[in-house]
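Here is how the chains run, residue by residue.
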2 protein chains.
Amino acid sequence: MVASGARKEQIVATASELFRQRGYHATTVRDIARELDLQGGSLYAHIDSKDAVLREIVARAAEAFFAAVEQLAGEPWPAATRLRAMIHAHIGVVTSRLNDATVFLQDWRYLEEPGRAEILRLRDAYEALFRQVLAEGIAAGEFTVRDPRLASIMLLSGLNALPGWFRPDGALSADHIAAEYAEMLLHGLSVRPLADEEDDR
Amino acid sequence: MVASGARKEQIVATASELFRQRGYHATTVRDIARELDLQGGSLYAHIDSKDAVLREIVARAAEAFFAAVEQLAGEPWPAATRLRAMIHAHIGVVTSRLNDATVFLQDWRYLEEPGRAEILRLRDAYEALFRQVLAEGIAAGEFTVRDPRLASIMLLSGLNALPGWFRPDGALSADHIAAEYAEMLLHGLSVRPLADEEDDR
DNA sequence: CAGGATCAAACAAGCGTTAGTTATTGGAGT
DNA sequence: ACTCCAATAACTAACGCTTGTTTGATCCTG
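Residues numbered from 1 in each chain as written. Chains lettered and ligands numbered in written order. Predicted model: local features only at pLDDT ≥ 70, side-chain atom pairs only at ≥ 80, totals over all residues. Heavy atoms only, no water.

**Concerning the protein's contact with DNA strand C**
Quick reminder of the rule: A single heavy atom is enough: if one lies within 4 Å of a molecule or strand, its residue is considered near that molecule or strand. Any N or O atom pair separated by 3.5 Å or less is treated as a polar contact, with the protein-specific requirement of one donor-capable and one acceptor-capable atom, and with residues adjacent in sequence counted only for side-chain atom pairs. As a working rule, the residues Ala, Val, Leu, Ile, Met, Phe, Trp, Tyr, Cys and Pro are called nonpolar, Asp, Glu, Lys and Arg charged, and the rest polar, with Gly in that last group.
By nearness alone, 16 residues border DNA strand C, and Arg7(A), Gln39(A), Thr28(B), Tyr44(B) and Lys50(B) come closest of all. Each atom of DNA strand C within 4 Å of the protein belongs either to a base or to sugar and phosphate, the latter forming 62%. In the model, a phosphate oxygen of DNA strand C is placed 2.3 Å from a nitrogen or oxygen of the Arg7(A) side chain. Interatomic distance of 3.0 Å between a side-chain N/O atom of Arg30(B) and a base nitrogen of DNA strand C. Split by residue class, the surface near DNA strand C holds four nonpolar, seven polar and five charged.

**Thoughts on the interface of chain A and chain B**
Interfaces are often sized by the accessible area lost when the parts come together. The cut-off we apply is this: The contact definition used throughout considers only heavy atoms, calling two residues in contact when any of these lie within 4.5 Å. We define buried area as the total accessible area lost by two parts upon association, computed with a 1.4 Å probe and summed across both. What counts as a salt bridge is simple: a side-chain nitrogen of Lys or Arg found within 4 Å of a carboxyl oxygen of Asp or Glu. Going along the chain from the N terminus, every DSSP run of H or I of four or more residues is numbered as a helix, and every run of E of two or more is numbered as a strand.
Between chain A and chain B, the contact holds 47 residues from the first and 47 residues from the second. Here chain A packs against chain B, burying approximately 4,200 Å² in sum over the two surfaces, 62% of which is carbon and sulfur. When the area that chain A buries against chain B is broken down by residue, the three leading residues are Leu150(A), Met154(A) and Leu189(A), summing to 18%. Applying the counting criterion to the chain A and chain B interface returns two salt bridges. Between Arg146(A) and Glu180(B) there is a salt bridge whose closest N-O contact spans 2.8 Å. Here chain A and chain B share 12 residue pairs in polar contact (both at pLDDT 80 or more) between them. Breaking the side of chain A that touches chain B down by element, the ones donating at least two residues are α1 (6-22), α7 (148-160) and α8 (174-187) of chain A.

**Some thoughts on the side chain of Thr95(A)**
Residue and element names in this part refer to chain A. Inspection of the secondary structure puts Thr95 in helix α4 (residues 79-96). A distance of 2.8 Å separates a polar atom in the side chain of Thr95 from the backbone oxygen of Ile91. At 3.2 Å, the side chain of Thr95 and the backbone oxygen of Gly92 are in polar contact. When neighbours within four sequence positions are excluded, Thr95 is seen to be in contact with Leu162, Phe166 and Ala174.

**Brief notes about the side chain of Thr27(A)**
Residues and elements named next belong to chain A. With respect to the helices and strands, Thr27 occurs in the loop between α1 and α2 (29-35). Side-chain polar atoms of Thr27 contact the backbone oxygen of Leu18, separated by 3.3 Å. Non-local contacts of Thr27, meaning those with residues more than four positions away in its chain, are made with Leu18, Phe19, Arg22, Ile32 and Lys50.

**Concerning the relation of the copies chain A and chain B**
Operational definition: Copy-to-copy alignment: least squares on C-alpha atoms, limited to residues at pLDDT 70 or above in both.
Of the transformation superimposing chain A on chain B, the axial component is 0.0 Å and the angular component is 180°, with the fit at an RMSD of 0.0 Å. What the rotation and shift describe, once combined, is the action of a two-fold rotation axis. Rotation axis and chain A: the residue whose C-alpha lies nearest the axis is Gly188(A), separated from it by 1.8 Å.

**Re the confidence of the model for chain A**
In plain terms, the rule: Note on scores: pLDDT gives the predictor's confidence for each residue, bounded by 0 and 100.
Of all residues in chain A, 93% have pLDDT values of 70 or greater, and the mean over the chain is 93. Low pLDDT, under 50, characterises residues 194-201 of chain A; the predicted model gives this stretch 17 contacts beyond four residues in sequence or across chains.

**Notes on the packing of α1(A) against helix α5 (residues 98-107) of chain A**
Residues and elements named next belong to chain A. Inclusion rule: Simply put, an axis is a line fit to the C-alpha atoms, just over the touching stretch for a helix, and the angle between two N-to-C directions goes from 0 to 180 degrees. Should an angle lie under 35 degrees it is considered roughly parallel, over 145 roughly antiparallel, and from 65 to 115 roughly perpendicular; all remaining angles are considered oblique. Crossings are classed by handedness, with left-handed meaning an anticlockwise turn of the near helix from the far one by less than a right angle and right-handed meaning a clockwise turn.
At a minimum axis separation of 8 Å, α1 and α5 run at an interaxial angle of 50°. The pairing of α1 with α5 is recorded here as oblique in orientation. By crossing handedness, the relation of α1 to α5 is classed as left-handed. For the pair α1 and α5, the contacting residues are Ser16, Glu17, Phe19 and Arg20 in the first and Leu98, Asn99, Asp100, Thr102, Val103, Gln106 and Asp107 in the second. Partitioning the contact of α1 with α5 into residue classes produces three nonpolar, four polar and four charged.

This is the structure:
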């Protein structure tokens with residue numbers, strides 16, 4: 001084990017940015033050090049291993065996602081309202097913690113065991129939050145979708161691809177994207193046959 | 001340059017499978033060779049470089065996607081019908097050419113220039129096929145979605161995450177998934193307020 | 001002056017790739 | 001039919017470089 005000071009924070013943050021940009025395996029521990037004007041070996045006064053840094057980044061992102069979404073899933077609201085809030089919250093985490101979230105989504109599979117298996121479990125528990133709300137919405141007659149598992153996968157797939165194209169200084173704000181995504185997911189791309197305006201938003 | 005025999009085919013196919021499973025950088029040229037009971041160096045009688053193998057896999061996948069989808073986009077059908085067909089075709093490629101498609105979607109960014117830039121151009125041209133159909137559908141009053149770019153991104157994000165969870169020997173067939181995805185994307189997860197059954201399918 | 005942070009240097013291991021050599025093979029010429 | 005040759009494909013071995021990590025000395029700073 002090893003110290004946990006402010007320098008370590010810089011190292012993890014720098015690693016998070018480089019992992020996001022280049023991927024875990026294409027980033028060298030010397031790359032990370034150079035960014036902080038250090039020698040490669042100097043990092044090891046603060047970290048245990050490259051894998052431990054990845055583990056920490058991924059763990060942070062996972063915590064952020066749960067902290068933002070878990071409670072919303074249990075609120076006493078209509079399922080559609082909860083789902084909308086969860087979509088906003090999830091996108092909020094991806095966009096506001098872009099480095100950690102991207103690394104989590106893109107490099108978790110390079111974790112060494114048993115960390116990898118642990119994250120896999122967390123991912124499923126997280127997806128279950130959405131699955132659950134979808135299932136409840138179906139039971140309540142709010143949703144027409146047939147398979148809540150398939151729906152939760154598709155929904156999260158859309159949200160989790162954000163790091164591939166979202167630009168923090170771009171024209172589309174996180175809130176705008178969240179609102180549009182929620183609209184498209186809940187009501188679909190097509191016109192609603194034989195229907196006029198709705199209200200739910 | 002170097003021969004293009006049947007052995008090369010095996011090498012590229014093996015590389016495609018390993019790249020899919022472990023990722024490009026986590027796969028060694030000696031790993032590929034071992035799978036074929038060869039020594040690492042022996043591959044170089046058939047290939048130019050590891051990067052060239054990746055380039056070939058990615059190029060094959062790109063061709064497959066265009067071959068399956070390009071024509072459908074221009075058919076004289078309603079936009080919703082075309083979009084449905086394109087979703088089926090895209091998922092068909094992902095599931096039937098799982099190795100190549102996964103590597104294309106997951107490792108294209110590790111291509112060396114200028115191959116990487118070229119693929120980036122192809123990706124945009126491909127997304128434009130969907131964007132175009134969406135825009136035409138909006139113009140024709142078939143779609144309510146506001147931003148065809150955002151819609152095409154969300155749609156393709158959902159489809160392109162398939163390699164992360166699809167299992168060829170699983171319970172869900174490619175056609176089943178495609179039908180469900182198309183349904184969810186076109187009509188949304190929610191009940192359609194003030195509407196009854198539709199027909200389009 | 002003690003303790004943490006950083007350095008330079010090295011470590012063993014692994015990387016993609018090349019070179020030179022040895023089997024294997026399928027015709028061409030007698 | 002049988003040799004001989006050229007080509008092909010594989011091997012062993014090594015190259016030069018990079019990887020993650022460790023070591024022991026040196027520097028700062030409180």
